[in-house]
Amino acid sequence: MDLELEGKAALVTGGSKGIGKAIARALAQEGVDVAIAARTQETLEATAAELAAETGRRIVPIACDTGSTAAVNAMVASAVEQLGGLDILVNNAARPGGGPGPVPPLEGITDENFAEEMNTKVLGYLRCARAAAPHLKANGWGRIINISGMGARQAGTAIGSMRNVAVSALTKNLANELGPHGINVTVVHPGATWTERMPDLMETRAADQGISVEEAMRRASGGNAVGRFIDATEVAHVVAFLASPKSVAITGDAIAAGGGVGNAIHY
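Residues numbered from 1 in each chain as written. Predicted model: local features only at pLDDT ≥ 70, side-chain atom pairs only at ≥ 80, totals over all residues. Heavy atoms only, no water.

A. Quick look at the packing of helix α1 (residues 18-29) against helix α8 (residues 232-242). For the pair α1 and α8, the least separation of the axes is 8 Å and the interaxial angle reads 55°. With respect to their mutual orientation, α1 and α8 come out oblique. Considering only the axes of α1 and α8, their crossing is right-handed. Only Ala-232, Thr-233, Val-235, Ala-236, Val-239 and Ala-240 of α8 make contact with α1, whose side of the interface consists of Gly-18, Ile-19, Ala-22, Ile-23, Ala-26 and Leu-27. (Axes fitted to C-alpha atoms, helices over the stretch in contact; angles between N-to-C directions. Helix = DSSP H or I, 4+ residues; strand = E, 2+ residues; numbered from the N terminus. Parallel < 35°, antiparallel > 145°, perpendicular 65-115°, else oblique. Left-handed = near helix turned anticlockwise from the far one by under 90°. Contact = heavy atoms within 4.5 Å.)

The structure is reproduced here in structure tokens:
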């Protein structure tokens, strides 16, 4: 299937590694020029060079902290200038859930941690959408894809669930407002996803729990219907479709990309 993405321009935040890097690669493979943004310039430049050599597309690294409105506005302006426009925004800049430490109990949740998570993942996504929207409106077409997580559908970490539910609420509101301008907005919920951080994380969990790495992997990935980790590339394929003109029938909705996590029925 031709996704009709050749020649379009995208901005992927959190694009230097993990799911964001896989998304940038998938878009570039479809003929998209991509600006990738993250906090660390050195990592960004290495990723940009790797993806450009691999895909033959223009990959532009832009250092940015999406916790800052001024930084986000400058990032979007730079992406538009360097790419000659902007058609697609993928919001992915946030701390991954499921870190190596245990989930804190209620008494261990701090105001500072809550504020940081909301500022980065919720307000950060809003900042990026707000800055990108005028450019997408000017095109009369665009796509915004927000990367959230399965914490929106299941308990386990209070802040994780709150931030992901908030991203879903943001998505539907943006879809309704921007739809008349030809802009679709969707949210993707990855589950346990295999990225470059996972080998070290599995070793840490195995050591903490006194089990083998293989058992740690089985426990971490065994909650979905396919019985294995979903790879970041497989999430990226879903995002590439949502970023394309082929996805016009889908907007304001959530797409779970966790291999069938949980037993709840969503309709």
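B. How the structure looks around helix α2 (residues 41-55). End to end, α2 covers 21 Å across 15 residues, agreeing with the expected 21 Å (1.5 Å per residue, within 8%). Those residues of α2 lying buried are Leu-44, Thr-47, Ala-48, Leu-51 and Thr-55. Along the axis of α2, the buried positions cluster into a sector of 105°, meaning they face one direction only. Residues of α2 that are exposed and point more than 90 degrees away from the buried face comprise Glu-42 and Ala-53. Where the residues of α2 are buried, they touch α1, β2 (33-38) and β3 (59-63). Once α2 finishes, Gly-56 follows within two positions and takes phi at roughly 75°, a positive value. (Expected span 1.5 Å × (residues − 1). Buried < 20%, exposed > 50% of the residue type's maximum accessible area, 1.4 Å probe, protein only. Arc of directions from axis to C-beta.)

C. Structural context of the pattern of salt bridges. Counted by the stated rule, this structure contains 12 salt bridges. Linking Arg-57 and Glu-6 is a salt bridge whose minimum nitrogen-to-oxygen distance equals 3.1 Å. Here Arg-57, found in the loop between α2 and β3, pairs with Glu-6, found in the segment before β1 (9-13); they are 51 residues apart in sequence, far enough to count as distant. Residue Glu-6 is classed as exposed on the basis of its relative accessible area, which comes to 58%. A salt bridge links Glu-50 to Arg-25; its shortest N-O distance comes to 3.3 Å. (Salt bridge = Lys/Arg side-chain N within 4 Å of Asp/Glu carboxyl O.)

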